[in-house]
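# Topology and contacts: notes
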Amino acid sequence: MLESHSTPAGGKLPPGMVLGPDGKPCKVCTGFKAWTKEHSKKAPKSHSKATASAGAASAAAGAIATSAEPSEKSLPRDCPADVERLGRHTWTFLHTTASYFPPSPSLAQKSSMLSLLTSLPTLYPCSSCADELGSYMKSHPPKEAVEGGRSTLERWLCEVHNEVNERLGKEAFNCDNVGQRWRDGWEDGRCD
Ligand SMILES: Cc1cc2nc3c(=O)[nH]c(=O)nc-3n(C[C@H](O)[C@H](O)[C@H](O)COP(=O)(O)OP(=O)(O)OC[C@H]3O[C@@H](n4cnc5c(N)ncnc54)[C@H](O)[C@@H]3O)c2cc1C
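Residues numbered from 1 in each chain as written. Predicted model: local features only at pLDDT ≥ 70, side-chain atom pairs only at ≥ 80, totals over all residues. Heavy atoms only, no water.

### Description of the overall build of the protein chain
Worth spelling out the cut-off: Under the scheme used here, helices are H or I runs from DSSP no shorter than 4 residues and strands are E runs no shorter than 2 residues, and both carry numbers assigned from the N terminus. Relative accessible area decides the class of each residue, using a 1.4 Å probe on protein chains only: under 20% of the type maximum gives buried, over 50% gives exposed, and in between gives partly exposed. For this analysis, residues touch if any pair of their heavy atoms sits within 4.5 Å. Only the protein chains shown count as cover for residues, and all accessible areas are computed by the Shrake-Rupley method using a 1.4 Å probe.
Along its length, the protein chain carries 8 helices and 0 strands. Scored against the burial criterion, the 192 residues of the protein chain give a buried share of 33%. Across the protein chain, contacts joining residues at least 24 apart in sequence account for 52% of those joining residues at least 6 apart. Counting every atom, the protein chain has about 12,600 Å² of accessible surface; 56% of that belongs to carbon and sulfur.

Spelled out as structure tokens, the structure:
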């Protein structure tokens, strides 16, 4: 998400900022660094009681609070997910679920898995990611992969993830290693 996008009105958005379906900047579609950099330029929001009282305490003690550059900040653990945190957690869930899918699934298991995957382009909260996924799934539908059971599903999902990696300029993952990464642990034993 490093490229600069255009607004519907033709204006330039700051690098990394993505618009949602409502035409407004989309927080869950944008990386925290790009989001906080842009928002720190605007008037500060009213602080929470805790922040305000911490600020008052430092002022009283004569301390000048120095904060890191916004671009160096990372998303605090208890804040709403940005596009990266949402992505990492979702991939963990999806790959782990695929790696524990039975080699010979029942009809009910196949139907549930298909519903889970086909619901993503509608429900995934990063709308721009969901749109890209929906287009990919039109040309690479998951039905056959699900029918084939665990190993075909693992590979299909690995290829979906690699399509996103490629779009984001990241290295492709070797899909032969998906079982080690998400179920068995690496052969060198470091996960045991
Ligand atoms: C469905 C979906 C669509 C997304 N679309 C976008 C988008 O359009 N734009 C955007 O900016 N972000 C998107 N993301 C988020 C993006 O894919 C990353 O999750 C995010 O950038 C954080 O990347 P990361 O480098 O931490 O590792 P991630 O890509 O989150 O990967 C997590 C771990 O998975 C393993 N892994 C990597 N590739 C594979 C693979 N092919 N198969 C199996 N395991 C693998 C690696 O061990 C890696 O550390 C999407 C996420 C999801 C779930």
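### Some words on the nonpolar core
Heads up, the condition is: Take the buried residues of types Ala, Val, Leu, Ile, Met, Phe, Trp, Tyr and Cys, join any two whose side-chain atoms come within 4.5 Å, and each joined set is a nonpolar core. Each domain span listed reflects an automatic or database assignment of domains.
Counting 26 residues, the largest nonpolar core has Leu 117, Leu 153 and Trp 156 as its most contacted members. Put simply, the parts of the chain that give this core at least two residues each are α3 (83–99), α4 (107–123), α5 (127–139), α6 (143–148) and α7 (150–167). Counting contributing residues, this core receives three or more from each of domain 1 (1–81) and domain 2 (83–184). Residue contacts for Leu 117: discarding those within four places in its chain leaves Leu 94, Met 137, Pro 142, Val 146, Leu 153 and Trp 156.

### Some details on the packing of α5 against α7
Heads up, the condition is: Only the stretch in contact is used when a helix axis is fitted, and all axes are lines through C-alpha atoms; the angle between N-to-C directions ranges over 0 to 180 degrees. Relative orientations are named as follows: roughly parallel for angles under 35 degrees, roughly antiparallel for angles over 145 degrees, roughly perpendicular for angles from 65 to 115 degrees, and oblique for any other angle. Crossings are assigned a handedness: left-handed for a near helix turned anticlockwise from the far helix by less than a right angle, right-handed for a clockwise turn. The classification used treats Ala, Val, Leu, Ile, Met, Phe, Trp, Tyr, Cys and Pro as nonpolar, Asp, Glu, Lys and Arg as charged, and all other residues, Gly among them, as polar.
Two elements in contact, α5 and α7, have axes separated by 11 Å at closest approach and are oriented at 130°. When the axes of α5 and α7 are compared, the pair comes out oblique. Note on packing geometry: the crossing formed by α5 with α7 is right-handed. Two secondary-structure elements touch here, α5 through Glu 132, Leu 133, Tyr 136 and Met 137 and α7 through Trp 156, Glu 159, Val 160, Glu 163 and Arg 167. Of the residues assigned to the contact of α5 with α7, the class counts are 5 nonpolar, no polar and 4 charged.

### Description of the pattern of salt bridges
Formally: Basic side-chain nitrogens of Lys or Arg form a salt bridge, by our definition, when they fall within 4 Å of a carboxyl oxygen of Asp or Glu.
Counted under the stated rule, the structure contains 8 salt bridges. One salt bridge in this structure joins Lys 143 and Glu 147, with 3.7 Å as the shortest N-O distance. Taken together, the residues Lys 143 and Glu 147, both in helix α6 and 4 residues apart, mark about one turn of the helix. Looking at Glu 147, the relative accessible area reads 42%, which means it is partly exposed. The partner of Glu 163 in a salt bridge is Arg 167, with the nearest N and O atoms 3.1 Å apart. Of this pair, Glu 163 and Arg 167 both sit in helix α7, separated by 4 residues, roughly a single helical turn. You can call Glu 163 partly exposed: its relative accessible area is 22%. With a relative accessible area of 38%, Arg 167 lands in the partly exposed category.

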